[in-house]
Amino acid sequence: MAAIVLCGIALGVGAAALRRKASGGGKGGLDERSTTSSAGGGAAAYETRKAVDEYLQFHFGKDEDILPYGNGPKEALNFPARCAALCERHCAALRDFTGEGGDAVALDIGCAVGGATLEMARAFSHVLGIDYSQAFVNAAQDMKDRGTRTYNATFEGEVTKSYTATVPDDIDRTRVRFQQGDACNLSPDLAQFDAVLAANLVCRLPEPMAFFERLPSLVKPGGIAVIVSPHSWLAAWTPKGKWIGGYNGKDGKPVMTADVMSEVLGKDFDLVAREDMPFLIREHVRKFQWGCSNAMVWRRKATSA
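Residues numbered from 1 in each chain as written. Predicted model: local features only at pLDDT ≥ 70, side-chain atom pairs only at ≥ 80, totals over all residues. Heavy atoms only, no water.

**A word on the overall build of the protein**
Looking only at helices and strands, the protein features 7 helices and 13 strands. Burial analysis of the protein (305 residues in total) assigns 49% to the buried set. Partitioning the intrachain contacts of the protein with sequence separation of at least 6 by distance along the chain shows that 71% fall at a separation of at least 24. Carbon together with sulfur atoms contributes 50% to the accessible area of the protein, which is approximately 14000 Å² in total. (Helix = DSSP H or I, 4+ residues; strand = E, 2+ residues; numbered from the N terminus. Buried < 20%, exposed > 50% of the residue type's maximum accessible area, 1.4 Å probe, protein only. Contact = heavy atoms within 4.5 Å. Areas by Shrake-Rupley, 256 points an atom, 1.4 Å probe, with all protein chains shown as cover.)

Quick look at the structure:
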C-alpha cells in the first residue's frame, strides 16, 4: 500500500487542545508504531492503544478531522460506510418484501472497532462483528453501548490532539453485537448469514485458506460474501508459504491474489461485482496511508459444484 504526504497550510491548534505524550518504556516500539507501518508486528500490533485510536478515527472520525485540507483524496474517506453500502446493494435478502425469508442477518468478520458493523445495521436487522483483537472488540462494544468514545490522534511527533468518535444518530445500535474470534478458526456454532463482509482482512490472516474453506458454510444459498482486500502481503502477518498471491510460482509466472480467490471460491460462489475501494488512514496530521482495496462480491450458489 502506498503512503502519501499531504502538505497544506499550517493549522492553528490551541495548546489546551493538545497534549504531549509521556515518554517512557517501549519508546519507538510496538506500542508507538502506527498501524500504517510495514515494519510488521503481527496480530499484537492491533492490541495497542495507538492502534485503537487510529482505527476509531479511521472508522468514526469526521472528514475534516481525518483530512483537514482543502485538497487530498476525499473519495477515500468513509471506507466502512462504503463497504456496508456495497453489502446492502447486492444482498437479495434485503429485497424480499414477502417476509418469508425472515430478518436479514450479516456478519462483519475482522470488524476492528465496529464502524462497518454499525453501518450495516442501517439495512440488516442483526449484525455480528467478530475480530481477533480484544482491544478492538472492547472499543467496538464501547461504541455500541455509549455511541461515543474519545480518542487521541497524532498531530506531530509526540504531540497529540483529542477527538470524539461518534456513531450516527440514525443507526440503531441495538441491532449489533460484538465478540472476539479467529477468522481462521471460527466457532462451528455460527449460523449462516445473508451477507458476510471481510474488509481489509485476508492479507492479515496467518491462514487465509482456512478462512476461505470455511466461508461457504457461513453464507446462505443466494447470500453474498464481500471480500475487500489491498492484497498487501507481509511475512509479519502471513507466513510466505501461506500467501494466496503476490509471489512468483515455480514456473516463474506471477500468482495474483484475485486469480487464486476466483479459483478457490468459484465452485461455491459466482462473482457478481468488482470495484476499487480506496481508503485513507491518518498517521499524523501531514502523513497518511492511502490504499486501494480490490472489492469482490460473491453470490453463494444454490448448490455447490
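Moving on, there is more to tell.
**Things to note about unusual backbone geometry**
With phi around 60°, N78 is a residue other than glycine that occupies positive phi space. For A112, which is not a glycine, the phi torsion comes out positive at approximately 55°. Mapped onto the secondary structure, A112 falls in the loop between β3 (105-109) and α4 (115-120).

**So, the pattern of salt bridges**
Applying the stated criterion across every chain yields a total of 10 salt bridges. In this structure, the salt-bridge partner of R122 is D170, at a minimum N-O distance of 2.8 Å. Placement of R122 in the loop between α4 and β4 (126-131) and of D170 in the loop between β6 (159-166) and β7 (176-180) is noted, with a sequence separation of 48 residues between them. Since its relative accessible area comes to 39%, R122 is described here as partly exposed. Given the relative accessible area of 58%, D170 is considered exposed. The salt bridge involving R149 is made with D142; its shortest N-O contact spans 2.8 Å. Judged by its relative accessible area of 21%, R149 falls in the partly exposed class. Linked by salt bridges that have partners in common, E119, R122 and D170 make up one network. (Salt bridge = Lys/Arg side-chain N within 4 Å of Asp/Glu carboxyl O.)

The values reported here are purely geometric and, on their own, carry no functional implication.
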